[in-house]
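# Observations on the model geometry
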Amino acid sequence: MHIRRRDDLFELWTPAKVNLHLEVLGRRSDGFHELETLMCPIDLYDTLYVRSETTGRIRLECEQVGSSLANGSIDSQLSAAGPQVLARGPDNLVYRALEYVRQEAGVKLGATVRLVKRIPVAAGLAGGSSDAAAALVAAVGAWKLDFTSRDLLRLAARLGSDVAFFLSAGWAVCRGRGEIVQPVTGIGNLSLVVVSPPQGLATAEVFSALSRSRETRSVSTLLEALRDGRISRIAGALHNRLQPVARRMSPWIARLEDAFDQAGVDGHLMSGSGSSYFGLCRSARHARGVARRLSAQGLGRVFVVQSRD
Ligand code: C5P
């Protein structure tokens, strides 16, 4: 997350993520699933502008832009995807994050917020969670609050399973519901091509369609491969337990599997609960070539991205 401040205006650039490993260890009594997942931020960003207001109202304006400002990204949004309508009230995680901070601190001030969305929604890229994490940080800054990182982590976990990941920087293994974040260092940048098809998938529906699996895979094989750095080894260790379920729920997943099989990438995987899908490339140049081929196939929005530390 990059934060800039101009007088009383806070500007936050908050990234999307992909999961390179996602294992479901079991179902919990609270209805959530116990996870072990490896996530990295990628350079596809939403931007949040926040200014404190004396009116006491939270006013949220959302703007969805079809083009990504991520370095070198190619964005071929299908017209079928259409403009997505984003909630501007309590259904929006940004609004809820501000409300939680306000309640917690007993603040009477309000805020004017503009959210510029480039990260596709319902896409397994955690755009909403990333926006929520940025909103927590912005609210603390704009309202000049004395919050500890522990206060923020507690609110993050109330907002969603992925929110805490965005409060810490860089790669991390996330456990529990996803809110127990263990940062991972020493991994080089990866070049990826991400495709978000026109149809998203609802996280809750994907998890609830999951049947119990007898075997589970540990993240350690992938971590060793990433530290070693050989792309073929990394490709061989990619894993997402939710992918077979998502494939049964959306025809786009099998289409993307086939398209990436033919696209000359070193490895490929669905991100999170889908429906976005990514391919692992040897270099940014290789990724741009792959993106050009995929863009011509009408698969959805195509982004060339790098993982971020
Ligand atoms: O926490 P978040 O709001 O992102 O989760 C959305 C839904 O995904 C949850 O309501 C739950 O149904 C499912 N989920 C799960 N196990 C997790 C994370 C999410 O079952 N670890």
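Use the structure listed above.
To keep things clear, this report deals only with the structure shown in the data block. (Residues numbered from 1 in each chain as written. Predicted model: local features only at pLDDT ≥ 70, side-chain atom pairs only at ≥ 80, totals over all residues. Heavy atoms only, no water.)

Quick look at unusual backbone geometry now. Following Gly 274, the chain continues into Ser 275 via a peptide bond in cis, with omega recorded as 10°. Residue position: Ser 275 is located in the loop between strand E10 (267-270) and strand E11 (277-281). One non-glycine residue, Asp 7, adopts positive backbone phi at about 50°. Mapped onto the secondary structure, Asp 7 falls in the loop between strand E1 (2-6) and strand E2 (9-27). Of note in this structure, Ala 122 is not a glycine but carries a positive phi near 50°. As for its position among the elements, Ala 122 is in the loop between strand E5 (110-117) and helix H2 (127-142). According to the relative accessible area criterion, Ala 122 is partly exposed, its value standing at 45%. (Helix = DSSP H or I, 4+ residues; strand = E, 2+ residues; numbered from the N terminus. Buried < 20%, exposed > 50% of the residue type's maximum accessible area, 1.4 Å probe, protein only.)

Position of Ser 232 among the secondary structure elements: in helix H7 (residues 231-237). Using a relative accessible area of 56% as the deciding quantity, one classes Ser 232 as exposed. Counting along the chain gives 172 residues from Ser 232 to Leu 60, while the straight-line C-alpha distance between them is 45 Å.

Consecutive side chains of a regular strand alternate in pointing toward one face of the sheet and then the other. Across the 21 residues that make up strand E3 (residues 33-53), a large majority, 17, are buried. Connecting the antiparallel pair E2 and E3 is a turn made up of five residues, with Gly 31 showing a positive phi of about 90°. As paired strands, E3 and strand E6 (residues 172-176) are joined by five bridges and run antiparallel to one another. Each residue of the ladder has a partner; that of Thr 37, found in E6, is Cys 174. Pairing analysis gives seven bridges linking E3 to E5, with the strands arranged antiparallel. Bridging from a neighbouring strand, Ser 52 pairs with Ala 111 of E5. (Pairing = 2+ DSSP bridges.)

So, about the sheet that holds strand E12 (residues 301-306). If you walk across this open sheet you meet the four strands as E10-E11-E8-E12, and the pairing is antiparallel. Pairing within the sheet leaves two strands with one partner each, and these edge strands are E10 and E12. The sheet shows a mean angle of 20° between the axes of neighbouring strands, direction not considered. Where E10 and E11 come together, four bridges link them in antiparallel fashion. (Axes fitted to C-alpha atoms, helices over the stretch in contact; angles between N-to-C directions.)

Between H2 and helix H3 (residues 149-159), the shortest axis-to-axis distance is 10 Å and the interhelical angle comes to 145°. Here the hand of the crossing between H2 and H3 comes out right-handed. Residue-level contacts link Ala 132, Leu 136 and Val 140 of H2 to Leu 152, Leu 155, Ala 156 and Leu 159 of H3. (Left-handed = near helix turned anticlockwise from the far one by under 90°. Contact = heavy atoms within 4.5 Å.)

Across soluble globular proteins, nonpolar side chains have a tendency to be buried as a group. Among the nonpolar cores identified, the biggest contains 40 residues, and Leu 48, Val 94, Val 113, Leu 136 and Leu 159 are the most heavily contacted of them. By residue number, the principal contributor to this core is H2, which donates nine residues. When residues no more than four places from it in sequence are discounted, the contact partners of Leu 48 are Phe 10, Glu 11, Leu 12, Val 94, Val 113, Arg 114, Leu 115, Asp 131, Ala 134 and Ala 135. Ranked by size, the runner-up nonpolar core spans 31 residues in total, among them Leu 44, Leu 192, Val 219 and Leu 238. (Core = buried A, V, L, I, M, F, W, Y, C linked by side-chain atoms within 4.5 Å.)

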